[in-house]
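Architecture at a glance
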Amino acid sequence: MATMLRDALEANLAGRSDADGLIEVIEAIAEGASRVDALTRRAALADVLGDTGETNVQGEIVQRLDAAGTDTFVEVLSECGRVAALACEELEDAVFVSDAPSHPYLALFDPVDGSSNIDVAVTIGSIFAIYKRADDSPVSEQTLLRPGREQIAAVYVVYGSSTVLVTATERRVDGFTLDPDSGAFLHSHPDITIPAKCAAYSVNEGNAGAWQPEMQAAVAELREAYGLRYVGSLVADFHRDLLKGGIFLYPGDRSSPAGKLRLGYEANPLCYVAEQAGGAGSDGRQRILDLTPEQLHQRTPLIVGNADVVQSVLQRLSAG
Ligand code: P6P
């Protein structure tokens, strides 16, 4: 019988004096993911297709599932009794829950990444960065602006042909598959490490004309060496690269030098997962996890996957 989420996390975190209550936060995420999974599987039948007619802080059209996912994860994270404050892609401002010492964690998350894909039944995801408060001082938006290397855990959920919740803590990555019969996340992928061999490169080649020349040259080398796999849903592309080996890129370009993806709740958590699994993540110049955020929703170019291939891209970029 596969291990339940709580049992596996207790084993992973055994002896850690700094992680009290972290399991409750991850269990809250799992509960929210179960609810989002149920909406995703029913999609048109649950009236979550299409958009709400509103735009979010990013200026993006809010899909019905974005709104439902936001409400779900804000609720479960606020009610778990361990999270002091949270920031969400869909909300301009942070949500402050409690300054009490009993609430030592902070969460930044993208509740439903790639949500427009649900209209065409393509994989979507949820992504979470979890930090420990540095002290018991009152939380503010500034409290949430932490470099990614300070994460105590990162979690993502991929709602695909199966629904898999992946947790990363210090030097350990594990996957849990949602069992539709029991509703439990069962330990299906123990101790995930990125395979030594890169199996594919993943980038939107349709944007190639807008990249800087050195990025065009770097991707041309990847094109020669690997097959292309691009779902257009970040968590789907990242999860494939993590399990099979690969490199994912979302570069900046002339019109958007910082690219499209967000540092706080996309690049940081996924690069944390990648590094705990033996991979690497960069913005094209430096380690993503060393970037100090200046505002909650800032964007960053992202290159993440097999460490040797990420490094070869960086060398090509610096060669100009
Ligand atoms: P493009 C989905 O909208 C998303 O935010 C990520 O999930 C995905 O990696 C990216 O955008 C795809 O963007 O420009 O290639 O369609």
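Residues numbered from 1 in each chain as written. Predicted model: local features only at pLDDT ≥ 70, side-chain atom pairs only at ≥ 80, totals over all residues. Heavy atoms only, no water.

**A word on the overall build of the protein chain**
Of regular secondary structure, the protein chain possesses seven helices and 15 strands. For 320 residues, the compact-globule formula gives about 20 Å, and the C-alpha radius of gyration of the protein chain, at 19 Å, lands near that figure. Its C-alpha atoms give the protein chain principal-axis dimensions of about 50 × 45 × 45 Å. Taking all 320 residues of the protein chain together, the buried fraction comes to 55%. For the protein chain, long-range pairs separated by at least 24 residues make up 64% of all intrachain contacts whose partners lie at least 6 apart in sequence. Entry remark: accessible area of the protein chain is about 13100 Å², with carbon and sulfur atoms responsible for 48%. In the protein chain, the 25 positive side-chain charges and the 46 negative ones have mean positions that sit 5 Å from each other. (Helix = DSSP H or I, 4+ residues; strand = E, 2+ residues; numbered from the N terminus. Rg over C-alpha atoms; globule rule 2.2 N^0.38 Å. Buried < 20%, exposed > 50% of the residue type's maximum accessible area, 1.4 Å probe, protein only. Contact = heavy atoms within 4.5 Å. Areas by Shrake-Rupley, 256 points an atom, 1.4 Å probe, with all protein chains shown as cover. Lys, Arg positive; Asp, Glu negative; His and termini not counted. Charge placed at Lys NZ, Arg CZ, Asp CG, Glu CD.)

**Quick look at the domain arrangement of the protein chain**
Looking at the protein chain, the domain boundaries give domain 1 (5-189) and domain 2 (200-319). On a C-alpha basis, the centroid separation for the pair domain 1 and domain 2 is 22 Å. Facing the 47 residues of domain 1 at the interface are 33 residues of domain 2. Of the roughly 2800 Å² buried where domain 1 meets domain 2, counting both sides, 63% is carbon and sulfur surface. At the boundary of domain 1 with domain 2, the tally comes to two salt bridges. Note that Glu-89 is salt-bridged to Arg-262, the shortest N-O span being 2.1 Å. Joining domain 1 to domain 2, the criterion identifies 11 residue pairs in polar contact (both at pLDDT 80 or more). (Domains from an automatic or database assignment. Buried area = accessible area lost by both parts, 1.4 Å probe. Salt bridge = Lys/Arg side-chain N within 4 Å of Asp/Glu carboxyl O. Polar contact = N/O pair within 3.5 Å; in protein donor to acceptor, adjacent residues only side chain to side chain.)

**Description of the sheet that holds strand S14 (residues 280-282)**
Overall, mixed pairing links the five strands, which are arranged S12-S11-S13-S15-S14 in an open sheet. One side of each edge strand has no neighbouring strand; the edge strands of this open sheet are strand S12 (227-228) and S14. Across two bridges, the pairing between strand S11 (residues 200-202) and strand S13 (residues 247-250) is parallel. Following the sheet pairing, Ser-202 is matched in S13 by Phe-248. Seen against the sheet, helix H7 (residues 307-319) touches S13, S14 and strand S15 (302-305) and runs at an angle of roughly 150 degrees to S15. (Pairing = 2+ DSSP bridges. Axes fitted to C-alpha atoms, helices over the stretch in contact; angles between N-to-C directions.)

**Structural notes on the packing of aromatic side chains**
Across all of its chains, the model carries five aromatic pairs by this definition. Seen in terms of ring centroids, Tyr-156 and Phe-238 are 5.6 Å apart; in terms of plane orientation they differ by 90 degrees. Their pairing is edge-to-face. Remark: Phe-238 occurs in helix H5 (residues 234-244) and Tyr-156 occurs in strand S7 (residues 151-159); sequence separation between them is 82 residues. Given a relative accessible area of 0%, Tyr-156 falls into the buried group. We classify Phe-238 as buried; its relative accessible area is 4%. (Phe/Tyr/Trp six-rings, centres within 6.5 Å; stacked < 30°, edge-to-face > 60°.)

**Re the nonpolar core**
Considering soluble globular proteins, one finds that nonpolar side chains tend to be buried as a cluster. Judged by nonpolar contacts, the single largest core of 42 residues is most densely connected at Leu-22, Phe-73, Leu-77, Ile-130 and Leu-165. Counting residues per element, the ones that place at least two in this core are helix H1 (5-13), helix H2 (22-42), helix H3 (64-79), strand S3 (83-88), strand S5 (105-113), strand S6 (124-132), S7 and strand S9 (172-178). Tallying contributions element by element places H2 first for this core, with nine residues. When sequence neighbours within four positions are dropped, the list of residues in contact with Leu-22 reads Leu-13, Tyr-105, Ile-130, Ile-152, Ala-153 and Thr-169. If you look at the next biggest cluster of nonpolar residues, it comprises 29 residues, including Ile-127, Val-158, Val-164 and Val-235. (Core = buried A, V, L, I, M, F, W, Y, C linked by side-chain atoms within 4.5 Å.)

**Considering the site of the ligand**
By nearness alone, every residue bordering the ligand is listed as Asp-113, Gly-114, Asn-204, Tyr-230, Gly-232, Ser-233, Leu-234, Phe-248, Tyr-250 and Lys-260. In this structure, Asp-113 approaches the ligand through a side-chain N or O atom, which is 2.4 Å from an oxygen atom. Taking Tyr-230, its side chain carries an N or O atom lying 2.5 Å from an oxygen atom of the ligand. Bound to the protein, the ligand loses 79% of the 400 Å² it would expose on its own. Grouping the amino acids of the shell around the ligand by side-chain chemistry returns four nonpolar, four polar and two charged. (Near = heavy atom within 4 Å. Nonpolar A, V, L, I, M, F, W, Y, C, P; charged D, E, K, R; others polar.)

**A few points about empty space enclosed by the protein**
The full count for this structure, using the stated rule, is one cavity of 30 Å³ or more. Considered as a void within the structure, the largest cavity measures approximately 40 Å³ in volume. Along the walls of the largest cavity sit Ile-194, Phe-238, Asp-241, Leu-242, Ala-274, Val-304 and Gly-305, which together make up its complete lining. Every element with two or more residues in the lining of the largest cavity is listed here: H5 and S15. Take the lining of the largest cavity: its biggest share by element is three residues, from H5. (1 Å grid on protein atoms, 1.4 Å probe; cavity = no way out; pocket = protein on both sides within 12 Å on 5 of 7 lines; lining within 4 Å. Points joined across faces, edges and corners; volume = space filled by probe spheres on them.)

**What to know about the packing of H2 against H3**
Relative orientation and spacing of two packed helices are given, respectively, by the angle between their axes and the distance between those axes. Between H2 and H3, whose axes approach to 9 Å, the crossing angle comes to 155 degrees. Considering their axes alone, H2 and H3 lie roughly antiparallel with respect to each other. For the element pair H2 and H3, the recorded crossing hand is right-handed. Across the interface between the two elements, Val-25, Ala-28, Ile-29, Glu-31, Gly-32, Ala-33, Arg-35, Val-36, Leu-39 and Thr-40 of H2 pack against Leu-65, Ala-68, Gly-69, Thr-72, Phe-73, Glu-75, Val-76 and Leu-77 of H3. Taken together, the residues of the contact of H2 with H3 sort by class into 11 nonpolar, four polar and three charged. (Parallel < 35°, antiparallel > 145°, perpendicular 65-115°, else oblique. Left-handed = near helix turned anticlockwise from the far one by under 90°.)

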